[in-house]
Amino acid sequence: MTAARTGGRDRVPPHPELDTIGLQDVLDALVDPVRRRIVAELYRAEQALACGAIDLPVGKSTATHHFHVLREAGLVRQHYAGTSRLNTLRRQEFDARFPGLLHAVVTAHDRDAAAPDAS
């Protein structure tokens, strides 16, 4: 049984150290528009957000997959509060490792979201 389920002190899933993450890993994680939407929401959030607090156009299991990909790429930090898994963007760490990347991704996401549908 995992520590997250046993109620033990370690209720934080493993996160990669940013110095082990390459730019290609980050870009691979950000290629999906749902994951960019999550990053944009967390970028603007003033506090940690539960997975369900972000309105996504996918089912719960797919959303869980997207959060997992973002955590594995080092973009988000997750921890439990009660039964909720809370997410924060590792913004300061990313700004130090990849200056301007998150700002550029969120700016482009917002511009694309505001554009009229091309179809």
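### Some points on the overall build of the protein chain
Part 1 of the reasoning: Summing up its helical and strand segments, the protein chain has 6 helices and 3 strands in all.
Part 2 of the reasoning: Taking all 119 residues of the protein chain together, the buried fraction comes to 34%.
Part 3 of the reasoning: Intrachain contacts of the protein chain at a sequence separation of at least 6 include 63% that bridge at least 24 residues.
Part 4 of the reasoning: Working note: accessible area of the protein chain is about 7300 Å², and carbon and sulfur atoms make up 52% of it.

### Examining the pairing of strand S2 (residues 76-81)
Part 1 of the reasoning: Here 6 bridges tie S2 to strand S3 (residues 84-89), and the two strands are oriented antiparallel to one another. Bridge pairing in S3 places Ala 81 opposite Ser 84.
Part 2 of the reasoning: In this antiparallel pair of consecutive strands, S2 and S3, the connection spans 2 residues, and Gly 82 shows a positive phi of 65 degrees.

### A closer look at the nonpolar core
Part 1 of the reasoning: In this structure, Val 26, Ile 38 and Leu 75 are the most contacted members of the largest nonpolar core, which totals 28 residues.
Part 2 of the reasoning: Breaking this core down by element, the ones donating at least two residues are helix H2 (23-30), helix H3 (33-44), helix H4 (60-72) and helix H6 (101-114).
Part 3 of the reasoning: Of the residues forming this core, the biggest block, 6 residues, is contributed by H3.
Part 4 of the reasoning: Residues within four places of Ile 38 in sequence aside, it is in contact with Ile 54, Leu 56, His 66, Phe 67 and Leu 70.

### Section: the sheet that holds S2
Part 1 of the reasoning: Sheet architecture is open: 3 strands sit in the order S1-S3-S2, paired in antiparallel fashion. Both outer strands of the open sheet, strand S1 (49-50) and S2, are each paired with one neighbouring strand and no more.
Part 2 of the reasoning: As defined by bridge partners, S1 adjoins S3 across 2 bridges and the pair is classed as antiparallel. Of the residues in S3, the one forming a bridge with Leu 49 is Asn 87.
Part 3 of the reasoning: Against the sheet, H4 touches S2 and S3, its axis set at about 120 degrees to S2.

### Some words on the side chain of His 109
Part 1 of the reasoning: For His 109, the location among the structural elements is in helix H6.
Part 2 of the reasoning: Its relative accessible area of 15% is what places His 109 among the buried residues.

### A look at H2
Part 1 of the reasoning: Buried residues of H2: Val 26, Ala 29 and Leu 30, and no others. Looking down the long axis of H2, one finds its buried residues gathered within 95 degrees of arc, a one-sided arrangement.
Part 2 of the reasoning: Those residues of H2 that are buried lie in contact with H3, H4, helix H5 (91-97) and H6.

The rules behind each value
- Residues numbered from 1 in each chain as written.
- Predicted model: local features only at pLDDT ≥ 70, side-chain atom pairs only at ≥ 80, totals over all residues.
- Heavy atoms only, no water.
- Helix = DSSP H or I, 4+ residues; strand = E, 2+ residues; numbered from the N terminus.
- Buried < 20%, exposed > 50% of the residue type's maximum accessible area, 1.4 Å probe, protein only.
- Contact = heavy atoms within 4.5 Å.
- Areas by Shrake-Rupley, 256 points an atom, 1.4 Å probe, with all protein chains shown as cover.
- Pairing = 2+ DSSP bridges.
- Core = buried A, V, L, I, M, F, W, Y, C linked by side-chain atoms within 4.5 Å.
- Axes fitted to C-alpha atoms, helices over the stretch in contact; angles between N-to-C directions.
- Arc of directions from axis to C-beta.

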